[in-house]
Amino acid sequence: MPLDSARSWYFTAAHLCGIALVVCLAACQPEGGGGQRPVAGVANSEVAALRPVDAVYVLRDRLLARDGAGFARLAVPPALHAELELAWRTGRSRWPLDELPLDARIPRMLAALQVPNADKALMVTFRSQFAGADADIDQAIRTLMVFGGQYVQTDPDSSQAEHDHSHQAIAAIGTWALQAPLADPKRAQRFFSVLSAAAVRSGIDGKAGNQAFATLGMTQSLNRLSPFLATLLAQLHQQYGLDIDASLRGLHVSLTQQTGDQAQLRLQYTLAGRPIDAVVPVVRLDGHWYLRDFVARAETSVGRTAGAL
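Residues numbered from 1 in each chain as written. Predicted model: local features only at pLDDT ≥ 70, side-chain atom pairs only at ≥ 80, totals over all residues. Heavy atoms only, no water.

Colleague: Now, about the overall build of the protein chain: what can you tell me, with residues and values included?
Modeller: When helices and strands are counted, the protein chain shows twelve helices and four strands. Here the protein chain holds 309 residues, and the buried ones make up 53% of them. Look at the contacts in the protein chain between residues 6 or more apart in sequence, and 71% of them connect residues 24 or more apart. Surface accessibility of the protein chain: about 13,000 Å² in total, with carbon and sulfur atoms responsible for 53%. (Helix = DSSP H or I, 4+ residues; strand = E, 2+ residues; numbered from the N terminus. Buried < 20%, exposed > 50% of the residue type's maximum accessible area, 1.4 Å probe, protein only. Contact = heavy atoms within 4.5 Å. Areas by Shrake-Rupley, 256 points an atom, 1.4 Å probe, with all protein chains shown as cover.)

Colleague: Run through the pattern of salt bridges, naming residues and quoting values.
Modeller: According to the stated counting rule, one finds eleven salt bridges in the structure shown. For Glu83, the salt bridge goes to Arg304, with nearest N and O atoms at 2.6 Å. Of the two residues, Glu83 sits in helix α4 (residues 78–89) while Arg304 sits in the segment after α12 (292–301), which places them 221 residues apart along the sequence. According to the relative accessible area criterion, Glu83 is partly exposed, its value standing at 29%. A residue is classified by how much of its surface remains accessible, and Arg304, at 29% relative accessible area, is partly exposed. Asp277 is the salt-bridge partner of Arg266, the closest N and O atoms lying 2.4 Å from each other. Placement of Arg266 in strand β2 (residues 262–271) and of Asp277 in strand β3 (residues 274–285) is noted, with a sequence separation of eleven residues between them. Residue class for Arg266 comes out partly exposed when judged on its relative accessible area of 32%. (Salt bridge = Lys/Arg side-chain N within 4 Å of Asp/Glu carboxyl O.)

Colleague: Which residues make up the side chain of Ser221, and what values do they have?
Modeller: The residue Ser221 is located in helix α10 (residues 210–240) in this model. Those residues in contact with Ser221 that lie beyond four places of it in its chain are Trp88, Ile204, Ala212, Phe213 and Leu216.

Colleague: Describe the side chain of Ser196, naming the residues involved and giving the relevant values.
Modeller: You can see Ser196 is positioned in helix α9 (residues 185–202). Given the relative accessible area of 10%, Ser196 is considered buried. Apart from residues lying up to four places away in sequence, Ser196 is in contact with Leu113, Ala118 and Asp119.

Colleague: Give a description of unusual backbone geometry that names residues and reports values.
Modeller: Here the residue pair Trp95 and Pro96 is connected by a cis peptide bond, since its omega of 10° sits within 30 degrees of zero. At Arg66, a residue that is not glycine, the phi angle is positive and equals roughly 55°. Tracing the backbone shows Arg66 in the loop between α2 (54–64) and α3 (68–75). Among the residues examined, Arg66 registers a relative accessible area of 29% and is labelled partly exposed. One non-glycine residue, Ala272, lies in positive phi territory at about 50°.

Colleague: If you had to explain the confidence of the model for the protein chain to someone new, which residues and values would you point to?
Modeller: Looking at the protein chain, pLDDT values average 80 and 82% of them are 70 or higher. Confidence drops under pLDDT 50 across residues 1–45; counting only partners more than four residues distant or on other chains, this segment forms 138 contacts. (pLDDT = per-residue confidence, 0-100.)

Colleague: Describe the sheet that holds β3, with residues and values.
Modeller: What the four strands build is an open sheet, ordered β1-β2-β3-β4; its pairing is antiparallel. Pairing within the sheet leaves two strands with one partner each, and these edge strands are β1 (252–259) and β4 (288–291). Sheet twist, expressed as the average angle between the axes of neighbouring strands with direction ignored, equals 30°. Note that β1 and β2 share seven bridges and pair antiparallel. The residue of β2 that forms the bridge with His252 is Gln268. (Pairing = 2+ DSSP bridges. Axes fitted to C-alpha atoms, helices over the stretch in contact; angles between N-to-C directions.)

Colleague: For the packing of aromatic side chains, give the residues involved together with the corresponding values.
Modeller: Scanning all chains against the criterion turns up six aromatic pairs. Taking 5.6 Å as the distance between ring centres and 65° as the angle between the ring planes, the aromatic pair formed by Phe191 and Tyr240 counts as edge-to-face. Of the two residues, Phe191 sits in helix α9 while Tyr240 sits in helix α10, which places them 49 residues apart along the sequence. Judged by relative accessible area, Phe191 falls into the buried class, the value being 0%. Judged by its relative accessible area of 4%, Tyr240 falls in the buried class. Grouped by ring-pair contacts, the aromatic residues Phe126, Phe191, Phe192 and Tyr240 constitute a single cluster. (Phe/Tyr/Trp six-rings, centres within 6.5 Å; stacked < 30°, edge-to-face > 60°.)

Colleague: Residue-level account of α4, with values.
Modeller: Between its terminal C-alpha atoms α4 stretches 17 Å, which fits the 16 Å expected from twelve residues at 1.5 Å a residue. Among the structural elements, α3, α10 and α12 are those in contact with the buried residues of α4. The positive-phi residue at the C-terminal boundary of α4 is Gly91, with phi of around 80°. (Expected span 1.5 Å × (residues − 1).)

What follows is the structure, given as structure tokens:
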């Protein structure tokens, strides 16, 4: 992404990343009914789920541990995980990154942030287009909310339950963005400086595009990308008040229905100050429980015919 596209990058990072990491991964939450699961259990949540609610426990824990590779390992059955590893090497899959609306932008974001003095160049563009332009920023956010809603509604790969969940999360993130100090140059300077350093530390060659991910493979790519995304989340919290971890820790999940190897979970949590109430289907495969839609899209990404989900 060229530096003169800082407008697109800034909103993508501050807005769509917040949506992506919550909307597409928001099923990773603690169980309801018996109180919230202590985060101290994060280090022990490295086995596949034995109960429906465990399907969200283990993924929630991997998110809080900033463990993208562990997330991918526990989100799908072992045989499918092995296929995904191979598909990354051949460029056929980028799952679980393609759970994020910004997955195709990640290499370009890294490339833009990795050039020498990237933060200074981005700030030049920011000051000319954003500094003090609260009305313009608000209009851009409202436009993104409309486009995001249209994208979700027409996405053929998402279920109705996902559509409903996504619409709620987009509204919550949009409301946050309208109130956040996105036009503040001092906050933007810190945001760009910290992210630029994190992009360099990742060791992922953004200029190489998707070939960099193919060369590294899925596990190593996610291991290197996880600290960068963790830094982005931290900066969204520190500079702009969007606390994704608080949402993850405060989520309430209950089992609403189970028929054999199929079940539904109800998710209730607060995102950017707004209550979210959503339904997530899970499925049992080879004795373990997984998020049904994650497995289906992972299967599609490697060219499998989706199983009986």
